[in-house]
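The primary structure of each chain is shown beneath.
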Amino acid sequence: AAGPSGPAPKKGGGQTKSNGSGAAAGPSGPVPKKEGRETKSAGGQDPSKAAEPLFADMKQKIDAARRESLDARKKVFKELQRHLHPDKNLQNPEAAKLAFQALMELRGPFLSP
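What this report covers is the structure whose coordinates are included nearby.

Procedures and definitions
Residues numbered from 1 in each chain as written. Predicted model: local features only at pLDDT ≥ 70, side-chain atom pairs only at ≥ 80, totals over all residues. Heavy atoms only, no water. Helix = DSSP H or I, 4+ residues; strand = E, 2+ residues; numbered from the N terminus. Expected span 1.5 Å × (residues − 1). Buried < 20%, exposed > 50% of the residue type's maximum accessible area, 1.4 Å probe, protein only. Arc of directions from axis to C-beta. Contact = heavy atoms within 4.5 Å. Axes fitted to C-alpha atoms, helices over the stretch in contact; angles between N-to-C directions. Parallel < 35°, antiparallel > 145°, perpendicular 65-115°, else oblique. Left-handed = near helix turned anticlockwise from the far one by under 90°. Core = buried A, V, L, I, M, F, W, Y, C linked by side-chain atoms within 4.5 Å. Bend = angle between axes of the 7 residues up to and from the residue.

Let us look at helix 2 (residues 70–84). Along its 15 residues, helix 2 runs 21 Å from first to last C-alpha, staying within 8% of the 21 Å computed at 1.5 Å per residue. Residues of helix 2 that are buried: Arg73, Val76, Phe77, Leu80, Gln81 and Leu84. Around the axis of helix 2, the buried residues are gathered within 140 degrees of arc, so they sit on the same side. Of the exposed residues in helix 2, the ones pointing more than 90 degrees away from its buried face are Asp71, Lys75 and Arg82. Each element contacted by the buried residues of helix 2 is listed here: helix 1 (47–65) and helix 3 (93–111).

Structure follows, in C-alpha cells:
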C-alpha cells in the first residue's frame, strides 16, 4: 500500500547492477561484452582471399572497356556495380563489400571523359 511519502519501493526493481568495469552484472556474475566482427566470411574463408576472383573479373572488364566510349564505360560500370554489390552476393557479402569498395574507388578515373 502507498504510504504518505508515495508508493513502496519494489523489490528487485529489474535494474542491472554495475560491477564497476562497465559490464552489467548478471545473476551469475559479469556479462561479457561482445567482441567485434569475426574476420572470416560466411564460408569460413578470409574475405580478402574470397574477393580475389571478384577483383580479377572486375579488372578484366574494366581493362576491356577502357578504350570504349563514355556511354559504353558507364554501362560496364553499372553492370559491375550490380554484380559486385554486397546485397547481391549473399554467399559472401564481406568479399563483395571489399570488391565493391575497390570498384567505387575506380569510378572517377574510369568514367572521366
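Let us look at the packing of helix 1 against helix 3. Where helix 1 contacts helix 3, the axes come no closer than 8 Å and their chain directions differ by 30 degrees. With respect to each other, helix 1 and helix 3 are oriented roughly parallel. Remark: the crossing between helix 1 and helix 3 carries right-handed chirality. Counted together, Pro47, Ser48, Ala50, Ala51, Leu54, Phe55, Met58, Ile62 and Ala65 of helix 1 and Glu94, Ala95, Ala96, Leu98, Ala99, Ala102, Leu103, Leu106 and Phe110 of helix 3 form the full contact between these two elements.

Glancing now at the nonpolar core. Within the largest apolar cluster, 16 residues are counted, with the highest numbers of intra-cluster contacts made by Met58, Ile62, Leu80, Leu84, Leu103 and Phe110. Counting residues per element, the ones that place at least two in this core are helix 1, helix 2 and helix 3. Those residues in contact with leucine 80 that lie beyond four places of it in its chain are Met58, Lys61, Ile62 and Leu103.

A few words on helix 3. Its 19 residues give helix 3 an end-to-end C-alpha distance of 25 Å, which sits within 8% of 27 Å, the value for a rise of 1.5 Å per residue. At glutamate 105, helix 3 shows its strongest bend, of approximately 35 degrees, with the proline proline 109 following within four residues. Listing the buried residues of helix 3 in full gives Ala95, Ala96, Ala99, Phe100, Ala102, Leu103 and Phe110. Those residues of helix 3 that are buried lie in contact with helix 1 and helix 2.

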